[in-house]
Amino acid sequence: MSLQSRLNRARLIVLAVTVIGWLILSALSGLITEAIWFNHLGFGSVFWKVLNTKLVIYAAIFTLTFILFFLNLKLALKHQRDYDIIDSALPPVLRLYRQLILSRLPYRALNIFFLCIGLAVAGYTAYRLDTGWAVWLQLVNRVPFGIADPIFGMDVSFFVFVLPIFETIRDILSPLLVWLLPVTFTAYLLFNPSQLIGWRRTKLTFGQRHLLILAGLLFFLLAFHILLKAFRLPLHQNSLFLGAGYTDVYVLLPGYGLSTLCLVTLGMLCLGSLHTWRFKLTLVTGLVSLLIAGISTVALPPVVQRLIVEPNQFAKEKAFLEHHINMTRYAYDLEKVEERQFPAGTGQLDLDKFKATIDNIRLWDWRPLQLSYNQLQALSYYYSFHGIDVDRYLIDGKLRQVMLAAREIDLSRFEAHVQTWTNTRLRYTHGYGLVMSPVDEATATGLPLFLIKDIPPTTVTGLSLERPEIYFGELTGDYVITNTNIKEFDYPQGEDNAETIYQGTGGILLDNYLKRLLFAARFKDYRLLISNELHRGSQLLMHRQIVDRVQRIAPFLRLDEDPYLVLEDGRLYWLLDAYTTSRYYPYAAMTPGWGNYVRNPVKVVVDAYHGDVDFYVVDRQEPIAMAWQKAFPGMFKNIEDMPAGLQAHLRYPVDLFEIQASIYAKYHMKNPLVFYNDEDAWKIPEEKFQSETVTMEPYYTILQLEGHQEPEFVLMLPFIPAKQIANMVAWMAALNDPPHYGKLIVYKFFKDQHVYGPMQIESRIDQDSEISQQLTLWDQRGSRVIRGNLLVIPLEGAILYVEPIFLQSEQSSIPELSRVIVVFEEQVVMARTLDEALAAILGDRQQEIIAKEEWEIRPSEEPPSYQELAALAKTVFDEAIAAQRQGNWALYGEKLAQLEDVINQMLTLTSTVEEGDHHGEENEIEEGREQHAEFDA
C-alpha cells in the first residue's frame, strides 16, 4: 500500500473518529452542562435524584420488556428438533415444511434475531413510558391527606399517590402481554409448528403449555384492569356530577367485582391446565364470565339508571351528591371560606372613614398603562415593558397601591445587521430598572404620575434602587457571557453609553477549555471555542427566563405564568407562585387544564441580578408539597426564613383565586336539594372593555374590612346570579397581608335588597344621555375611547362603582386617563378626576337630603309663590352653569331636569303671568342649552 493511500486512510479514520466523538459529545453535552448548572445553583442533589429515578425506571422497564419478549421467543425454539410427535402423525404439508425449511434454519441466527427483537421492543417501550418518575417519587414519599373517600373508606392519598402508579403499571404491561401472546404464537407457527398440534388432547405439548401461561397472565392483567376501573368510580363523570352515583355503587361496582373474580378464575384455570387440559371447563367458564361481565357492566347499568334512578333521581342520588359537594369544597380549599353578611345600605358615603380605600382605587387599567409605559419610559427602542404588576408599598408612611413593570431589553427589536454574536451574547446582556406609578393618580394631561422613572432611576422618598440591572427576567430567553474583554452595555447616556462589568454570581465560570467545548456543543455555537473576547474569568449565564429557570429546577410543580417584580432593600426580585395539582381527587369537580385539586403551597423568589432561586413553603400541611419535601430534603425553606421585606409583598395568586371563585359560585350551595335544583347558583359577571363584553377578572385593591384595624390588600371578585337577572349577590375577597394571608371571605347581600351588578352599571352608564353622547363624540373625532375595568368598591353599607375612561388619539399611541365615571346608588357622575366625581356625588347627596327634609316639614304650608319659584329657578340655573363649566354632565343634566320641573310649576301656578316674563325665563334656559351644545362642540 502506497504512502498516499495510508495517509488517506488515516485521514478518514481521524475524520470518522472526530465525527463520532462530536456526535457523542453533542448527545451528552446537554446532560453534562445541565448538571454543571444545577450544581452551580446549589440544586445538584435535585438533578441527581431525578436522573437516578429516571434511570432506575428506564432500566426496570427495559429489563422487564426484554426478558418478556426475548425469553418467550427463545422458549418458542425449545424442542424445535425433538420429534416427540411421530412424523406420520403430522400433516404432509407440515412434514415437508419441517424437512425443507426448519431443518435448514440456523439455530444461532434465530437466537440473534429474537435478541434484536427483544432489544428493539424494550428500547421503544422504555423510551415511550419513561415519563413517570414524578409519580414514583410521590409514591415513595407519600403522606396521608387525613380525609377518607366516601365509597371505599380509604385515605385520599391512595387515589392521589397509589392509583396513578397502578395505572402506570397497567399501561406498561398491557401492550406487552397483549402483543406477546400473538407474537409468541407466530413464532411457534413459523419456527416450531409441531408444538401447536393436538389442542384437544389431554396431554399438551410444551408450546401449548407455554401459550396457556401467557393467556393466564393476560386474564390476570384484564382482572387488574377491571379492578382499577372499580377504584376509578369516584373519579367517574356521570350525567349529574363527578363521582360514583347510585347506579355506579349498587350495580357497576358489584359488576366489576364479579368480572374481576371471573377473570381471575379463568387465569387460574389456564395455569391449572398445564398438566391436565380442561378444554370444556375453560371454554364454559370463559363464556359464563363473558356473559356475567356483559350483563353486569354493560346491559344492566343503563336499565337501572333509566327505570329506577331517573324517575326519582334526587332521592337516589342525594347521598352521593353530598359526597360530591363536600369533597369538591375540600379539594379546592373552600371549607375555610368565612361567610359574612354585607351590612344593609345606609345611603351615606363617609369618605373620611374609608380614606385608605378611596385613596387606593385603581383607576389605571393595566392594558392602556402598558402602552403608556412603553411610550413614555422605554426611552430606547430596544427596551420593553413586558407586563404590568400590581402591588403595595409603604410610601411616606402610607400604604399605597402601585403598578410597576421591569424595563427589559428586547433583542428582537434590533435590526438584523445589529444582531451579531458579539452584541447579542457579550454586549447587550441585561435590562435596566423599573417604572412605578400609583394606581389612583395621573398628571393634569392624563398621563401616569411616576414614583420611579427614567435612566438612571429617580425615586420618591421611601423608595430606593441600588441594583437596577436585570439579568434574569421575562424576556431574557438566550444565554449571555459576562466578564469578557468587551464591556457590557449598561444604559444609554447622551451620545455615549454607560458600560458595566457583571459583579454577580449567576454565571458559570468558563475557566477551562473543556467547559467551553461542552457549552459549544450544547448550544451548537463554535464561537465559544474560537472567540478571543473570552478568558478564564468569563461567566456564562443560561436559563435566564425566570419561569423556564424555575421549571427546570422543579418540573414537578406547576408555575404561574405571570411572575411579578418586587423592589426590596434596593434590589429587584421576581416572585412566582407554584401550584400542586392532581386529577385524582375523588368526587371533586374538574377544572379544565388544572385537574380537580389545586393548591398554592410554594412561593419562589428569583434574584433579578444574581439569578439565585429560593423555594419557600407557605402551607406546611399540604400533602403533595410535603411529599416533595421528603423527596428533596433541603430544597424547600420555611416561609419564616423569607426576608420580612419580601413577605410583605406576597400576593394571593390570581389563577388560584379565579378557579376557587368559579367553583364557589356553584358549590356555596351546601344543601343538596338547592344544589340539585340549581336554585342559588352564581357566576362571575361580565363587564365592558373598549367595545367588547368580557368576563370580569379578579383585581387587587386596598379595603378597610369590617373587624380589621388596618386596611387590607385584597384580591376580590363580585358574583351575580347564574340565570336571568344580573344584580350583585355577593363578593369574594382573598386577604394578602400577614397574619391573615390566604384567608378567604365571602360577603353576601341581603336577598330582599337590590344591588346593581357590573353589567347593570355598564347599562346605566350607556343610558346616561350626556355621558353616552360625550363618549360617542370623542370616538368620532379622531380618538379612541377605552373603557377601563369597572371596579366594584365595597364600603361598609355601601357599594361604589368606578370606571376609568381613557382616550387615545389616532396620532398618538399614548392613552390618557381622561375621565372617571362614578356610580353610587341612583347617581351616575363623570368628571375629570375621582375627587371631582366624589365631590359631585356628595354634593348631590347633600341636596337630596335637604330637599327631602324640606318636603317632610312643608306639606301643610302654602304652595310657593311665583317669586319664590323664580328665585329657585335662577339658583338651579346657576348651579347648572357651574356644573357645565366643571364638565360634570351628569349633574348638569339633573339640574336642567330640576329647572324644567320648577318652570312647569310656575306655568301651572297662575295663568295671569305676563307673556314676556315667561319668555324671559325660557330664553334664559335656551341660552344655557346653547352654551351646553357649544361646550360639547
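Just so you know, these numbers come straight off a predicted model, no measurement behind them.

1. A closer look at the packing of aromatic side chains
- By the definition in use, this model includes 51 aromatic pairs.
- Taking the centre distance of 5.4 Å and the plane angle of 50° together, the rings of F314 and Y676 count as tilted. One end of the pair, F314, is in helix α10 (residues 313-331); the other, Y676, is in helix α20 (residues 672-677), and 362 residues separate them in sequence.
- Residue class for Y676 comes out partly exposed when judged on its relative accessible area of 28%.
- Seen in terms of ring centroids, F342 and Y747 are 6.4 Å apart; in terms of plane orientation they differ by 85°. Their pairing is edge-to-face. Placement of F342 in the loop between β1 (338-341) and α11 (355-358) and of Y747 in strand β27 (residues 744-748) is noted, with a sequence separation of 405 residues between them. An identical accessibility class is assigned to F342 and Y747; each is buried.
- Three or more aromatic residues joined by ring pairs make a cluster, and in this case those are F152, F158, F159, F166, F224 and F231.
- When the ring centre of Y428 is taken as origin, the NZ or CZ atom of R427, which lies over that ring, is 5.9 Å away.

2. Brief notes about the pattern of salt bridges
- Here the structure, examined in full by the defined rule, presents 34 salt bridges.
- Between K748 and E339 there is a salt bridge; the shortest N-O distance is 3.2 Å. Linking K748 in strand β27 with E339 in strand β1, this pair joins segments that are 409 residues apart in sequence.
- Note on K748: relative accessible area 22%, which makes it partly exposed.
- Close ionic contact of E469 with R467 constitutes a salt bridge, the shortest N to O distance being 3.3 Å.

3. Describing the sheet that holds strand β14 (residues 539-541)
- On the basis of which strands lie adjacent, the open sheet formed by three strands has the order β10-β14-β13 and antiparallel pairing. One side of each edge strand has no neighbouring strand; the edge strands of this open sheet are β10 (480-482) and β13 (508-509).
- Inspection of the sheet shows β10 paired to β14 by three bridges, in the antiparallel sense. Bridge pairing in β14 links T482 to Q539.

4. A short note on helix α21 (residues 758-767)
- When α21 is considered as a whole, its buried residues turn out to be P758, I761, E762, R764 and I765. End-on, the buried residues of α21 take up no more than an arc of 160°, which puts them together on one face.

5. Observations concerning the side chain of D577
- Inspection of the secondary structure assignment puts D577 in strand β17 (residues 571-582).
- Residue classification places D577 among the buried residues on the basis of a relative accessible area of 5%.
- Only 2.3 Å separates the side chain of D577 from the side chain of K603, close enough to count as a polar contact.
- Not counting residues up to four positions away in its chain, the partners in contact with D577 are R558, L559, D560, Y564, N600, V602, K603, R651 and P653.

6. Overview of the layout of surface pockets
- As a volume, the second largest pocket reaches approximately 670 Å³.
- Surrounding the second largest pocket, 30 residues form its lining, W366, I388, D562, V654 and E697 being those nearest its centre.
- For the lining of the second largest pocket, the secondary-structure elements that each account for two or more residues are α12 (366-376), β3 (389-395), α19 (654-667) and β24 (699-703).
- Here the lining of the second largest pocket takes three residues from α19, the largest share from any one element.
- Looking at the lining of the second largest pocket, its residues break down into 13 nonpolar, five polar and twelve charged.

7. Considerations on the environment of Q370
- Along the chain, Q370 turns up in helix α12.
- Residue Q370 is classed as buried on the basis of its relative accessible area, which comes to 16%.
- Here the alpha-carbon distance between Q370 and S384, two residues 14 residues apart in the chain, equals 9.6 Å.

8. A short note on the nonpolar core
- Among the nonpolar cores identified, the biggest contains 248 residues, and F615, W628, M635, L800 and Y801 are the most heavily contacted of them.
- When residues in this core are grouped by element, the largest group, eleven residues, is from helix α2 (residues 44-75).
- Once residues within four sequence positions are removed from consideration, W628 is found in contact with A134, L137, Q138, F556, L557 and F636.
- Core analysis: the next-biggest nonpolar cluster, separate from the first, contains ten residues, L163, L228, F231 and L235 among them.

9. A closer look at unusual backbone geometry
- In this model, I455 is joined to P456 through a cis peptide bond whose omega is -15°.
- One can find P456 in the loop between β7 (452-453) and β8 (458-459).
- Residues P738 and P739 are joined by a peptide bond in cis, for which omega reads 5°.
- Here P739 is to be found in the loop between β26 (730-735) and β27.
- A positive phi is found at D333, a non-glycine position, where the angle reads about 60°.
- Among the residues examined, D333 registers a relative accessible area of 22% and is labelled partly exposed.

Rules used in this analysis
Residues numbered from 1 in each chain as written. Predicted model: local features only at pLDDT ≥ 70, side-chain atom pairs only at ≥ 80, totals over all residues. Heavy atoms only, no water. Phe/Tyr/Trp six-rings, centres within 6.5 Å; stacked < 30°, edge-to-face > 60°. Helix = DSSP H or I, 4+ residues; strand = E, 2+ residues; numbered from the N terminus. Buried < 20%, exposed > 50% of the residue type's maximum accessible area, 1.4 Å probe, protein only. Lys NZ or Arg CZ within 6 Å of the ring centre and 35° of its normal. Salt bridge = Lys/Arg side-chain N within 4 Å of Asp/Glu carboxyl O. Pairing = 2+ DSSP bridges. Arc of directions from axis to C-beta. Polar contact = N/O pair within 3.5 Å; in protein donor to acceptor, adjacent residues only side chain to side chain. Contact = heavy atoms within 4.5 Å. 1 Å grid on protein atoms, 1.4 Å probe; cavity = no way out; pocket = protein on both sides within 12 Å on 5 of 7 lines; lining within 4 Å. Points joined across faces, edges and corners; volume = space filled by probe spheres on them. Nonpolar A, V, L, I, M, F, W, Y, C, P; charged D, E, K, R; others polar. Core = buried A, V, L, I, M, F, W, Y, C linked by side-chain atoms within 4.5 Å.

Interpretation note: all reported values are geometric properties and have no functional meaning in isolation.
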